Amino acid sequence: MALTVEIQKQLSTFTLSVAFRAEATEILGLLGPSGSGKSMTLHCIAGIETPDQGRIVLNQRILYDSSLGINLPSRQRRVGYLFQSYALFPHLTVAQNVAYGLRGWSRAATAGRVADQLQQFQLTALAHHYPGQLSGGEQQRVALARALAPDPDILLLDEPFSALDAHLRSELERRLTTTLAHYSGLTLFVSHHLEEAYRVCPQWLVLDQGRALAQGPRQQIFDHPTHVAVAQITGCKNLSRISPKNAHTLHALDWNCTLTTADPIRARHTHIGLRAHRILLGEMGHGDAASEIPAPPNTLPAWVAWQSETPDQMTLYLKLGEPATDPQDYHLQAQIDRDRWHQRQSQPMPWWVHLPPDQILLLQGQG
């Protein structure tokens, strides 16, 4: 079981030009900023939109091939689609919505399948309700039951949790993950939420401006992004242009410091990145006895320009080399847990920060 997509389509601001292959029963997460082509890619697979050229093959069935003049209508593609807005029919009951994708089935087969789906998604008591009478979470369950009712070869999920509050997102994410564990087809999952995509999707495809920049296991892409856009999409907060000095030394132009890298610097590398949670804070401030101990490479004095907090973490906005003049005058963002912040916040500045050479990401810029 496999999906092959090689398509081009001219859009208003860029050309969608993506090529990828998804195998077996994997869940492939499509990540990218708004307007990067994620939803349009799903629309082309589903037959809602037609590419300008290329081919789409699902389980050795050609859904679209511009050179052969093949373009199957949506109803023949065996594609289940869960829209961001759910797209339930307001004039149909829950049961009728679930049955909508079963056109062509016998009455008895339709009734049996609808009953099974309602039971599986805990919707039996709502069978005769209309979408306007349902909560957001109930509507999402109806839409998913409808998408899976015909037993499609592929399931397309376009930000299925975007309209839900945080508690409901978590609850329905667990339900969806359980459902997909028993689904034998392929799943493409579009998300803007990095942590959500990490939990749900073992494989990632990263899109930017209509191009596929990376595809592979999520941890590999997270640990080793190759492009600035991929680093940004996967949550890297610290980026700088570089001026290479030698194979393992560079000047970070936007941070105004010279750094050592563990990986060799290549001609294609134009930027570096460093994830906020990889920055290490030293134990002593400037002038302490520890300052007489030789520091490891990439250890620099830093001042806190600003801080923000969540229930578990603090984000520190750090200025390297000299005190900050205002809260916007900073080079790096570092994340530490709140307990560590409470231990450190009264210590005099500067603090020594360490940017581990083996955590510096060497990246290609745009173009």
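Residues numbered from 1 in each chain as written. Predicted model: local features only at pLDDT ≥ 70, side-chain atom pairs only at ≥ 80, totals over all residues. Heavy atoms only, no water.

This brings us to the overall build of the protein. Regarding its fold elements, the protein presents nine helices and 21 strands. Dimensions of the protein along its principal axes, counting C-alpha atoms only, are 85 × 50 × 35 Å. Considering only residue pairs separated by 6 or more positions, the protein has 63% of its internal contacts joining residues 24 or more positions apart. In the structure as shown, the protein presents an accessible area of about 17700 Å², 50% of it carried by carbon and sulfur atoms. Separation between the mean location of the 30 positive side-chain charges and that of the 32 negative ones in the protein comes to 8 Å. (Helix = DSSP H or I, 4+ residues; strand = E, 2+ residues; numbered from the N terminus. Contact = heavy atoms within 4.5 Å. Areas by Shrake-Rupley, 256 points an atom, 1.4 Å probe, with all protein chains shown as cover. Lys, Arg positive; Asp, Glu negative; His and termini not counted. Charge placed at Lys NZ, Arg CZ, Asp CG, Glu CD.)

Here we take up the side chain of glutamine 333. Mapped onto the elements of the fold, glutamine 333 is located in strand β19 (residues 332-337). Residue classification places glutamine 333 among the buried residues on the basis of a relative accessible area of 13%. Leave out the neighbours within four places in its chain, and glutamine 333 touches Lys237, Asn238, Ala276, Ile279, Thr315, Leu316 and Tyr317. (Buried < 20%, exposed > 50% of the residue type's maximum accessible area, 1.4 Å probe, protein only.)

Below, the discussion takes up the pattern of salt bridges. Applying the stated rule across the entire model yields ten salt bridges. Two residues, glutamate 23 and arginine 21, come together in a salt bridge whose shortest N-O distance is 2.4 Å. Across the pair lysine 319 and aspartate 329 runs a salt bridge whose closest N-O atoms are separated by 2.9 Å. Of this pair, lysine 319 sits in strand β18 (residues 313-320) while aspartate 329 sits in the loop between β18 and β19, and the two are ten residues apart along the sequence. Each of the two residues, lysine 319 as well as aspartate 329, counts as buried. Through salt bridges with shared partners, a single ionic network connects Arg61, Arg78 and Asp153. (Salt bridge = Lys/Arg side-chain N within 4 Å of Asp/Glu carboxyl O.)

Turning next to helix α4 (residues 136-148). Taking 1.5 Å as the rise per residue, α4 with 13 residues should run 18 Å; its terminal C-alpha atoms sit 19 Å apart, in good agreement. The element α4 is largely enclosed, with a buried count of ten among its 13 residues. Inspection of α4 places Gly137, Gln140, Arg141, Val142, Ala143, Leu144, Ala145, Arg146, Ala147 and Leu148 among the buried residues, and these make up the whole buried set. (Expected span 1.5 Å × (residues − 1).)

What follows deals with the confidence of the model for the protein. With 95% of its residues at a pLDDT of at least 70, the protein reaches an overall mean of 91. Segment residues 284-291 is flagged for pLDDT under 50; beyond a separation of four residues in sequence, or across chains, it makes seven contacts in the model. (pLDDT = per-residue confidence, 0-100.)

Another point: the packing of aromatic side chains. Tallied over the entire structure, the rule returns six aromatic pairs. Relative to phenylalanine 83, the ring of tyrosine 81 has its centre 4.1 Å away and its plane inclined at 15°; by these criteria the two rings are stacked. The exposure class assigned to tyrosine 81 is buried, which follows from its relative accessible area of 10%. A ring pair is formed by phenylalanine 89 and tyrosine 100, whose centres lie 4.5 Å apart and whose planes are at 50°; its orientation type is tilted. Here phenylalanine 89, found in the loop between β7 (79-82) and α2 (94-99), pairs with tyrosine 100, found in the loop between α2 and α3 (107-120); they are eleven residues apart in sequence, far enough to count as distant. Cluster of aromatic residues (ring-pair linked, three or more members): Tyr198, Trp204 and Phe222. Lying over the aromatic face of tyrosine 198, arginine 218 brings its terminal NZ or CZ to 5.0 Å of the ring centre. Positioned above the aromatic ring of tryptophan 351, the side-chain terminus of arginine 344 is 4.5 Å from the ring centre. (Phe/Tyr/Trp six-rings, centres within 6.5 Å; stacked < 30°, edge-to-face > 60°. Lys NZ or Arg CZ within 6 Å of the ring centre and 35° of its normal.)

A separate point is the nonpolar core. The nonpolar side chains of soluble globular proteins are, as a tendency, buried together. Ranked by internal contacts, the top residues of the largest apolar core, which has 43 residues, are Leu118, Leu123, Leu144, Leu155, Leu157 and Phe189. Looking at this core element by element, the count peaks at six residues for α4. Sequence-distant contacts of leucine 157, defined by excluding residues within four places in its chain, comprise Leu42, Leu82, Leu144, Leu176, Leu180, Thr187, Leu188, Phe189 and Val190. In terms of nonpolar packing, the next biggest core, distinct from the first, is built from 29 residues, Ala22, Leu28, Leu42 and Leu58 among them. (Core = buried A, V, L, I, M, F, W, Y, C linked by side-chain atoms within 4.5 Å.)

Mapped onto the elements of the fold, glutamate 173 is located in helix α5 (residues 166-181). Residue class for glutamate 173 comes out buried when judged on its relative accessible area of 9%. Spatially, the C-alpha atoms of glutamate 173 and glutamate 196 are 8.2 Å apart, while their sequence positions differ by 23 residues. Excluding residues within four positions of it along the chain, glutamate 173 makes contact with Phe161, Glu196, Arg199 and Val200. Of note is the side chain of glutamate 173, whose polar atom sits 2.6 Å from the side chain of arginine 199. (Polar contact = N/O pair within 3.5 Å; in protein donor to acceptor, adjacent residues only side chain to side chain.)

Tracing the chain through its elements places glutamine 140 in helix α4. When its relative accessible area of 2% is taken as the criterion, glutamine 140 is described as buried. In this structure the C-alpha to C-alpha distance between glutamine 140 and tyrosine 86, which are 54 residues apart in sequence, comes to 6.3 Å. In contact with glutamine 140, not counting residues within four places along its chain, are Leu82, Tyr86, Pro160, Phe161 and Leu172. Of note is the side chain of glutamine 140, whose polar atom sits 3.5 Å from the backbone oxygen of proline 160.

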